[in-house]
Amino acid sequence: MRLVERAASACTSLSIADAYKVIAIILLLILVQRAAFRSQPNGIFPVWATLEIGITQYLLNERGWGRKLLSGMRRYGGSLYGISSRHQLLVNLTDVDRVMAQGHHTIDHISVQYTLLTRVFGAAETPDFKQKTFANTKELTAPVEQLFLNDAAATAALESANIPREVNSYVSFSSDSQYLKRWERSANVRFVDGDHLDKAAGVEVDLHSLTRDFGTCIAVPLFYGKDFLERCPTVIDDLWTFDNDFFPLMMIGVPKWAPFKVVREGKAARSRLHHELQALYKRIAQHQRGDAVDFDADMSDVSRAALGRSAVYERANFSLEQRGMMELPIYWGQNANTQPMLFWLLVYIYSSPGILDRVRDEISPYVELSSSGSVEITNMHISALTRNCQYLKACLFETYRLANDPTSIRYVVRPITIRDGDYKHDLKAGTFISAPHSLVSSDPLIFEEPEKFVPDRFLIPDATTGKSVARYGRLKPWGSGAAMCKGRTFAEKEILALAAAIISIWDMKPAEGEWRLPAMVPGTGVKRPTKDIRVVISRRVLSSPGKVT
Ligand code: HEM
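Residues numbered from 1 in each chain as written. Predicted model: local features only at pLDDT ≥ 70, side-chain atom pairs only at ≥ 80, totals over all residues.

Per an unreviewed UniProt entry, the chain goes by the name Putative cytochrome P450 and belongs to Clohesyomyces aquaticus. The record in UniProt for the chain states the following under Cofactor (unreviewed entry): "heme". (UniProt positions renumbered as here; feature names shortened; annotations may be inferred.)

Here's what the structure looks like:
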């Protein structure tokens, strides 16, 4: 009751609707608080803390009574929000990187990974699995870092994907569904003849589905080899069925037996993914041992990252079933944020006045085009493109700011002290801390008119050359500290390279006549559109020989 009284003072001068909202939120927070006091500190991130992050972000973003309400109910002051000693949110804490940078003996991320593995990714909880996960996570992450964090390795991987050839059939213009490209199959493709589109033939598609699956088809073989996608016809659809609705429900603790279609289908998709990843790692292990490989599958292009992970699985005696379960977060992590981010970047570039031409101009030295007939890419310089195209990068940073919702969550293993201006907070072992970084992204004191797409805000003159360079500033799309995203170098290059390739040879118009951007579903990571956008895609045409319009 004390909480209700303290919060009541924040509720004066509210509309009736707001008053009901306040009461609902207070009740939810009380439940959270009760659950917090009941649960034991066991290193498992509590379900109610996920809800607390969501509620806190929502109320702080409202910037009105919500902020007062939370301030009235919280346990500490300064940058710390949270009503229990079990979980505290670090909101716009200046020192957040320093807090997150502490070694894993002080603040740990593996407990959080383990919670997600078992709660969301469906790993069966056994003492053996827990012990192996905690003992081997670092070794299993190292091969991922070697491919996805290393600039040269990430560039080489993307060069091997032959993006110029693949992007040529981003839409294939096939009217026969059996000849559609794999990424077109979920995009609800409709052929539009030239008369309907200023004489240029086009294809009407669901842009989010098309782009998401295009990116996945490019990225997955670079990690797991071409055979994996070819052999497993359901792994892309299953990834999105698992990700879209089922993932957030599992995050907030909906039981997996709940009698909802979305839960049933999500669970079935997750099981098929476990099965396919398990079978893949069986084939990889056979290949590494020099044994006959199931189906005589071609393992020659499986990445060193997957081979490295397989070697750790073998050494640490993970069962095949456990390998399938351990691999799902990596397969998901490689795609679940990257591909929707590519979609949002394209949407902003094509829909915002003046931006498309400026990007096309900037990327043109690095994406060579055929000079006659149907425009095609003849050569692409991925390394130079991703290094030199600062405006394209600034567009991506602005897309991160608007479409990403990253949160870093850690477990306090040893007592820590957080310095926070005039405050000094002592947090005991067993506390979870989380930093919802996107609160900074929408703060008008940091980013003027935060709802607008303004890439130039990230362009800063370099102190020595004077040239504009894209800088993150206060943005933290990859999280913070030692457990920051392990795929960030690859992800950024993949998005820039694919966006540049698509922009170079394809025109895009909204099917409805004008661009209407869908609302975004918030969550943990890149936001999803509430509905897809129908666009008509047509090939860029030459206005005069050698000149691309
Ligand atoms: C635009 C794309 C991506 C975004 C926005 C993104 C964002 C993030 C964020 C916010 C975290 C949590 C960091 C923290 O706790 O502080 C994370 C963790 C992680 N990401 Fe990404 N990510 C992306 C792409 C990728 C890719 C392509 C991979 C490759 C497999 C990847 C692998 C990982 C891994 C392994 C972790 C866990 C790191 C650890 O706990 O040590 N991510 N990512």
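**Q** Sorry, what's going on with unusual backbone geometry here?
**A** Peptide bonds are mostly trans, and most non-glycine residues show a negative phi. A positive phi angle, near 50°, is found at N162, a position not held by glycine. We classify N162 as exposed; it has 12 C-beta atoms within 10 Å. Positive phi, close to 65°, is recorded for F173, a residue that is not glycine. Within the secondary structure layout, F173 lies in the loop between α9 (163-167) and β4 (190-192). (Buried ≥ 20, exposed ≤ 12 C-beta atoms within 10 Å, placed from the backbone. Helix = DSSP H or I, 4+ residues; strand = E, 2+ residues; numbered from the N terminus.)

**Q** What exactly am I supposed to notice about the site of the ligand here?
**A** Contacts to the ligand come from 26 residues, most closely from P406, S408, G479, C485 and G487. Secondary-structure elements contributing two or more residues to the shell around the ligand are α7 (127-148), α15 (320-335), α16 (338-351) and α21 (488-505). The class makeup of the residues in the shell around the ligand is 13 nonpolar, 12 polar and one charged. (Near = placed C-beta within 6 Å. Nonpolar A, V, L, I, M, F, W, Y, C, P; charged D, E, K, R; others polar.)

**Q** Explanation requested: the sheet that holds strand β3 (residues 107-108) in the structure shown.
**A** Here five strands make up an open sheet; going across it, the order is β1-β2-β12-β9-β3 and the pairing mixed. Edge positions in the sheet fall to β1 (80-81) and β3, since each of these pairs with one other strand and no more. Across five bridges, the pairing between strand β9 (residues 407-412) and strand β12 (residues 432-436) is antiparallel. Directly across from S408, in β12, lies its bridge partner A435. Packing against the sheet, helix α6 (residues 110-119) makes contact with β3 and β9, and its axis sits at approximately 110° to β9. (Pairing = 2+ DSSP bridges. Contact = placed C-beta atoms within 7 Å. Axes fitted to C-alpha atoms, helices over the stretch in contact; angles between N-to-C directions.)

**Q** Can you walk me through the sheet that holds strand β15 (residues 506-510) in this structure?
**A** Pairing between sheet strands relies on hydrogen bonds along the backbone, with the strands arranged either parallel or antiparallel. Spatial ordering of the open sheet is given by β4-β5-β19-β15, a layout of four strands whose pairing is antiparallel. Whereas interior strands pair on both sides, the edge strands pair on one side only; in this sheet they are β4 and β15. Averaged over all neighbouring strand pairs, the angle between strand axes comes to 30°, with direction disregarded. The pairing of β4 with strand β5 (residues 202-206) spans three bridges and is antiparallel. Bridged to F191 within β5 is V203. Sitting on the sheet, helix α10 (residues 207-224) is in contact with β5 and β19 (534-539), with an inclination near 90° to β5.

**Q** Would you mind showing me how to read the packing of α16 against α21 here?
**A** Interhelical geometry of α16 versus α21 gives an angle of 40° and a closest axis separation of 10 Å. Regarding the angle of α16 to α21, the classification is oblique. Helix-helix and strand crossings are classified by hand; for α16 and α21 the assignment is right-handed. Residues T338, M341, L342, L345, L346 and I349 of α16 form the contact with α21, whose participating residues are A491, E494, I495, L498, A499, I502 and I503. Residues of the contact of α16 with α21, tallied by class, amount to 11 nonpolar, one polar and one charged. (Parallel < 35°, antiparallel > 145°, perpendicular 65-115°, else oblique. Left-handed = near helix turned anticlockwise from the far one by under 90°.)

**Q** Hey, could you run me through the environment of S79 in this one?
**A** Secondary-structure assignment places S79 in the loop between α4 (65-73) and β1. Take S79: there are 20 C-beta atoms within 10 Å of it, and that puts it in the buried class. As a C-alpha pair, S79 and D176 span 97 residues in sequence and 58 Å in three-dimensional space. Dropping the residues within four chain positions of it, S79 is found in contact with L90, V91, N92, L93 and D420.

**Q** Sorry, what's going on with the UniProt feature "binding site: heme" (unreviewed entry) in the chain here?
**A** Per the UniProt annotation, the sites labelled "binding site: heme" (unreviewed entry) are C485. Position of C485 among the secondary structure elements: in the loop between β14 (468-470) and α21. A residue is classified by how many C-beta atoms lie within 10 Å of it, and C485, with 21 of them, is buried. Beyond its immediate sequence surroundings of up to four residues, C485 is in contact with W478 and G479.

**Q** Would you mind showing me how to read the nonpolar core here?
**A** In a soluble, globular protein the nonpolar side chains are often hidden away together inside. Judged by nonpolar contacts, the single largest core of 107 residues is most densely connected at L345, A499 and A500. Top element by residues in this core is α21. It accounts for 12 residues. Each residue touching A499, except ones within four places of it in the same chain, is listed here: L342, L345 and L346. L89, V96, I107 and A435 belong to the second largest nonpolar core, which has 25 residues in total. (Core = buried A, V, L, I, M, F, W, Y, C linked by C-beta atoms within 7 Å.)

**Q** Even after reading the chapter, I still don't get α21, so can you show me in this structure?
**A** Owing to its 3.6 residues per turn, the α-helix aligns residues three or four sequence positions apart on the same side. Between its first and last C-alpha atoms α21 spans 26 Å; for 18 residues at 1.5 Å apiece the expected length is 26 Å, and the two agree. Along α21, 17 of the 18 residues are buried, which leaves the element largely enclosed by surrounding structure. (Expected span 1.5 Å × (residues − 1).)

**Q** For this particular structure, what's the right way to read the domain arrangement of the chain?
**A** One frequent convention defines the size of an interface as the accessible area lost when the parts assemble. What the domain assignment lists for the chain is domain 1 (2-103 + 407-437) and domain 2 (135-404 + 445-475 + 479-548). Domain 1 puts 10 residues into the contact, and the matching count from domain 2 is eight residues. The residue makeup of the side of domain 1 that touches domain 2, split by class, is six nonpolar, three polar and one charged. (Domains from an automatic or database assignment.)

**Q** When you look at α16 in this model, what are you seeing that I'm missing?
**A** If you check α16, its first and last C-alpha atoms are 20 Å apart, about what 14 residues at 1.5 Å a residue would give, namely 20 Å. A large share of α16 lies buried, amounting to 13 of its 14 residues.

**Q** Would you mind going over the environment of E276 with me for this structure?
**A** Here E276 lies in helix α13 (residues 261-289). The exposure class of E276 is buried, given the 22 C-beta atoms found within 10 Å. As for E276 and C232, which are separated by 44 residues in sequence, their C-alpha atoms are 7.1 Å apart.

**Q** When you look at the packing of α16 against helix α19 (residues 390-403) in this model, what are you seeing that I'm missing?
**A** Between two packed helices, what matters for the description is the angle formed by their axes and the separation of those axes. Packing of α16 against α19 brings their axes to within 9 Å, and their N-to-C directions diverge by 115°. Considering their axes alone, α16 and α19 lie roughly perpendicular with respect to each other. Seen along the crossing, α16 lies across α19 with a hand that is right-handed. Judged by residue contacts, M341, W344, L345, Y348 and I349 of α16 engage C395, L396, T399 and A403 from α19.

**Q** Could you clarify how one ought to interpret the confidence of the model for the chain in this entry?
**A** Fine structural detail should not be taken from predicted coordinates in areas where pLDDT scores are low. Summary statistics for the chain give a mean pLDDT of 90 and a share of 89% for residues scoring 70 or more. The low-confidence segment residues 1-13, where pLDDT is below 50, has 20 contacts with residues more than four positions distant or belonging to other chains. The complex model carries a pTM of 0.92, and its ipTM stands at 0.99. (pLDDT = per-residue confidence, 0-100.)

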